[in-house]
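Overview (structure and organization)
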Amino acid sequence: MLEITLSRLRREAEALRQNPLEVLLRWGQESPAWEVKLPFQRVYLLFAPEAVEAVLLSRGVTKETFQYRALGRLTGPGLLVSDGEKWRESRRLLNPPFSSKHRQAWQTRFSHIAEAFFDSWQAGEARDLEAGMMALSLQFLGEAFWGHPLEENLTETVIAALDHLVKGMQDPLLALNPRRYWRWRRLKKRLSEAAHLLAQHPTLAKLPPAQARAEALTLLIAGHETLGSALTWSLYLLSHHPHYFANVAEDYTWAQLVFHEALRLYPPAWIITRRLRQPLSLGQVQLRPGSLVILSPYITHRLSFPDGEAFQPERFLTERAEPSGRYFPFGLGPRLCIGRDMSLIEGPVALQAFAQRFRLEPLPDPGLWPSVTLRTRNGLPARLLKTTPD
Ligand code: HEM
């Protein structure tokens with residue numbers, strides 16, 4: 001394990017703030033494990049698949065980290081951020097509506113939604129694909145869990161609230177700006193009004209009201225931008241590899257392969273953190289209890305697959321797309337994403353419905369903005385082309 005000294009950290013601080021993924025990838029290429037001895041805590045950056053497994057499968061880790069503290073300010077103490085018995089109870093209660101036994105029903109329902117959604121788009125139009133994919137993702141989520149579409153302006157509110165959190169983490173001095181404070185209050189108020197309505201769900205109604213609202217917001221926040229991001233980057237990648245469009249349009253298996261490969265190259269949850277409650281052994285090295293561990297599927301996926309930076313959907317004909325320390329876009333172990341099975345249908349169904357109607361020219365690089373999920377810097381503007389030339 002190498003050490004990132006405080007002077008190196010200081011030197012790289014600005015680059016890390018501007019472009020964390022580039023810096024992390026460079027560090028990952030240098031060493032699979034790093035230790036940072038901050039004055040108040042140890043931080044470990046672990047990129048090797050075995051280390052990822054050791055952390056995510058360990059019982060001695062918690063979510064008491066900066067990442068989940070920030071998300072918890074938005075959701076309240078819901079499934080994504082809680083630990084221990086409280087988490088176990090909520091997970092047990094929420095598992096059934098997300099069970100893979102609904103696969104067939106989801107497939108039919110999501111196909112109808114995606115087809116109606118893209119039927120309202122026309123070849124020749126210019127669209128922001130990121131905004132579009134966020135809107136479609138919200139429709140899927142509403143129909144799948146609440147049985148009806150959710151208010152469209154929720155997309156804006158959720159994204160504005162997540163961006164507010166991330167910008168605050170990147171630049172703590174922003175907290176001194178009173179306008180920001182009032183904006184945050186307005187966003188929280190809108191979300192809490194939405195939570196009241198969304199908590200009216202037969203499963204959530206079994207929880208005490210405050211817990212039901214936290215779980216409703218958790219599902220909204222965890223299940224919306226993630227899928228929207230995955231679909232946005234899938235379309236961006238397809239635009240640069242247009243020969244896959246016809247495969248995706250014709251064959252659902254190809255839509256699945258493309259979606260897995262997009263999740264490998266652009267995993268929406270690009271960073272996953274844990275706090276060690278107990279010492280953790282990694283080979284010869286003992287990680288100290290109390291330390292913060294940072295994992296990044298973005299880095300591990302790119303470094304631990306052959307030709308890891310290349311878009312090669314067919315690799316998943318032979319590679320397993322099951323959660324592992326090498327491929328963990330949905331996490332791994334007990335805290336595996338509850339929406340994984342659902343997303344693995346939403347994604348390919350949406351891509352297939354798109355490819356059956358449109359093509360894209362190679363799109364300019366929209367720039368990566370690693371917010372709570374992997375976003376573009378300014379949207380993904382595109383002109384929709386016909387599937388076949390005139
Ligand atoms: C492409 C789409 C998605 C991606 C990439 C994704 C990714 C993830 C990841 C990486 C985690 C684990 C975080 C950790 O271990 O710290 C997670 C957890 C979670 N996700 Fe997802 N997610 C997606 C879609 C969804 C959907 C559709 C829902 C719900 C409707 C959802 C709800 C949750 C919840 C509630 C958790 C916390 C589970 C627990 O701790 O028990 N996600 N997700």
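So, a few notes on the structure that sits alongside this text. What you are looking at is a predicted structure, and each value in this text was computed from that prediction instead of being measured.

**Considering the overall build of the protein**
- Along its length, the protein carries 14 helices and 14 strands.
- A sequence separation of at least 24 residues applies to 72% of the contacts in the protein between residues at least 6 apart.

**Considerations on the pairing of strand β3 (residues 42–46)**
- Relative to β3, strand β2 (residues 33–37) is paired through five bridges, and the arrangement is antiparallel. For K37, the partnering residue across the bridge sits in β3 and is R42.
- Hairpin geometry of β2 and β3 is characterised by an intervening segment of four residues between the two adjacent antiparallel strands.
- Relative to strand β9 (residues 292–295), β3 runs parallel, the two sharing four bridges. Each bridged residue has a counterpart across the sheet, and for L46 the counterpart in β9 is L295.

**Some remarks on the site of the ligand**
- What surrounds the ligand is a group of 23 residues, the closest being G223, T226, G331, C337 and G339.
- Secondary structure elements with two or more residues in the shell around the ligand: α10 (209–240) and α14 (340–355).
- In terms of residues, the shell around the ligand owes the most to one element, α10, which gives seven residues.
- Looking at the shell around the ligand, its residues break down into 15 nonpolar, six polar and two charged.

**A closer look at the pairing of β2**
- Pairing between strand β1 (residues 2–3) and β2: two bridges, direction parallel. Within β2, the residue paired with L2 across the bridge is W34.

**Regarding the nonpolar core**
- Counting 102 residues, the largest nonpolar core has L46, V55 and V258 as its most contacted members.
- Among the elements that take part in this core, α10 stands out by supplying 15 residues, more than any other.

**Let's talk about the sheet that holds β2**
- In spatial order, the strands read β1-β2-β3-β9-β6-β4; together these six strands make up an open sheet with mixed pairing. Strands with a single pairing partner mark the edges of an open sheet, and in this sheet they are β1 and β4 (61–62).

**Examining the environment of W34**
- Topologically, W34 is positioned in strand β2.
- The spacing of W34 and Y44 is 10 residues in sequence and 5.6 Å in space, taken between C-alpha atoms.
- The contact partners of W34, leaving out residues within four places of it in the chain, are M1, L2, I4, W27, Y44 and L45.

**Structural notes on helix α3 (residues 49–56)**
- Among the residues of α3, those classed as buried are A51, V52, V55 and L56. Looking straight down α3, one finds that the buried residues subtend no more than 120° of arc, so they occupy a single side.

**Considerations on the packing of helix α2 (residues 20–30) against helix α13 (residues 297–304)**
- α13 packs onto α2 with a crossing angle of 45° between their chain directions and a minimal axis gap of 10 Å. With respect to α13, the axis of α2 lies oblique. Considering the relative orientation of α2 and α13, their crossing is right-handed. The segment α2 lies against α13, with L21, L24, L25, G28 and Q29 engaging Y298, I299, R302 and L303.

**Quick notes on the packing of helix α7 (residues 129–146) against helix α8 (residues 153–170)**
- Viewed as axis vectors pointing N to C, α7 and α8 meet at an angle of 110°, and their least axial separation amounts to 9 Å. Our classification of the angle between α7 and α8 gives roughly perpendicular. In contact with M134, A135 and L138 of α7, α8 contributes L154, T155 and I159.
- For the contact of α7 with α8, the per-class residue count stands at five nonpolar, one polar and no charged.

**Brief notes about the environment of I271**
- Along the polypeptide, I271 turns up in the loop between α12 (252–265) and β6 (272–276).
- Look at I271 and you get partly exposed, because 19 C-beta atoms sit within 10 Å.
- For I271, the contacting residues outside a window of four places in its chain are Q67, I294 and S296.

The rules behind the values
For every chain, the first residue of the written sequence is number 1, and numbering continues from 1 onward in sequence order. Under the rules for a predicted model, residues below a pLDDT of 70 receive no local features and side-chain atom pairs below 80 are neither given nor counted, while totals for whole chains, interfaces and linings still include all residues. For the purposes of this entry, the term helix denotes a DSSP run of H or I that reaches at least four residues, the term strand denotes a run of E that reaches at least two, and both are numbered from the N terminus. What counts as a contact is two residues whose backbone-derived C-beta atoms lie within 7 Å of each other. Should DSSP find at least two bridges between two strands, the strands are taken to pair. For each residue, a C-beta atom is placed from the backbone, and the residue counts as near a molecule or strand when that atom lies within 6 Å of it. Polar here means any residue other than Ala, Val, Leu, Ile, Met, Phe, Trp, Tyr, Cys and Pro, which are nonpolar, and Asp, Glu, Lys and Arg, which are charged; Gly is therefore polar. In this description, a nonpolar core means buried residues of the types Ala, Val, Leu, Ile, Met, Phe, Trp, Tyr and Cys, linked to one another by C-beta atoms lying within 7 Å. For the exposure call, what matters is how many other C-beta atoms sit within 10 Å of a residue's own: 20 or more marks it buried, 12 or fewer exposed, and in between partly exposed, using C-beta atoms placed from the backbone. As used here, the arc belongs to the directions running from the helix axis to the C-beta atoms. Every axis in this analysis is a line fitted to C-alpha atoms, fitted for helices over the stretch in contact. Angles between the N-to-C directions lie between 0 and 180 degrees. Angles are sorted into four bins: roughly parallel if under 35 degrees, roughly antiparallel if over 145, roughly perpendicular if 65 to 115, and oblique for all others. Note on convention: the crossing is left-handed when the near helix lies turned anticlockwise from the far helix by less than a right angle, right-handed when the turn is clockwise.

Shape descriptors only; they carry no functional weight alone.
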